[in-house]
Amino acid sequence: YAEAIQSYEDALMEDRTKEIEAKLKKAQKLKKKADADAYINPELAEEHKQKGNTFFKSGNFPDALKEYSEAIKRDPSNKFLYQNRATAYSK
């Protein structure tokens, strides 16, 4: 997507049309979605969850929050991660 976005941006420098602007926005949206999908990894989410649990047990709640938040970014469909983060916020 990066090459397509660059090509559309270059084309806009020469001739700014609504059609090219629309294609650029679509390419940027697709790239953003692809990047987000590539970031999702349940195995890494589990690692961050375990680190968060370790920090939580030791009373280090700010670091636990960071780890739980990272785990949620890696696996947003895991409801237990949200629960763990909410518990850390309450402490």
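Our subject is the structure listed above.
What this report covers is the structure whose coordinates are included nearby. Note that the structure is a prediction, hence the values are computed from the model and not measured.

**Re the packing of aromatic side chains**
When we look at a pair of aromatic rings, we describe it by the centre distance and by the angle of the planes. Taken as a whole and assessed by the stated rule, the structure comprises one aromatic pair. Ring centres of Phe 56 and Phe 61 lie 5.2 Å apart, and the angle between their planes is 70 degrees; this geometry places the pair in the edge-to-face category. Under the relative-accessibility criterion, Phe 56 is labelled partly exposed at 24%. Above the plane of the ring of Tyr 39 lies Arg 74, whose end atom (NZ or CZ) is 3.8 Å from the centre.

**Here we look at the packing of helix H3 (residues 42-57) against helix H5 (residues 79-90)**
Interhelical geometry of H3 versus H5 gives an angle of 25 degrees and a closest axis separation of 11 Å. Between H3 and H5, the angle falls in the class roughly parallel. Crossing of H3 against H5: the hand is left-handed. Contact with H3, carried on its side by Ala 45, Lys 49, Asn 53 and Phe 56, involves Leu 81, Asn 84, Thr 87 and Ala 88 of H5 and no other residues of that element. Here the residues of the contact of H3 with H5 are counted per class, giving four nonpolar, three polar and one charged.

About the cut-offs
- Residues numbered from 1 in each chain as written.
- Predicted model: local features only at pLDDT ≥ 70, side-chain atom pairs only at ≥ 80, totals over all residues.
- Heavy atoms only, no water.
- Phe/Tyr/Trp six-rings, centres within 6.5 Å; stacked < 30°, edge-to-face > 60°.
- Buried < 20%, exposed > 50% of the residue type's maximum accessible area, 1.4 Å probe, protein only.
- Lys NZ or Arg CZ within 6 Å of the ring centre and 35° of its normal.
- Axes fitted to C-alpha atoms, helices over the stretch in contact; angles between N-to-C directions.
- Helix = DSSP H or I, 4+ residues; strand = E, 2+ residues; numbered from the N terminus.
- Parallel < 35°, antiparallel > 145°, perpendicular 65-115°, else oblique.
- Left-handed = near helix turned anticlockwise from the far one by under 90°.
- Contact = heavy atoms within 4.5 Å.
- Nonpolar A, V, L, I, M, F, W, Y, C, P; charged D, E, K, R; others polar.

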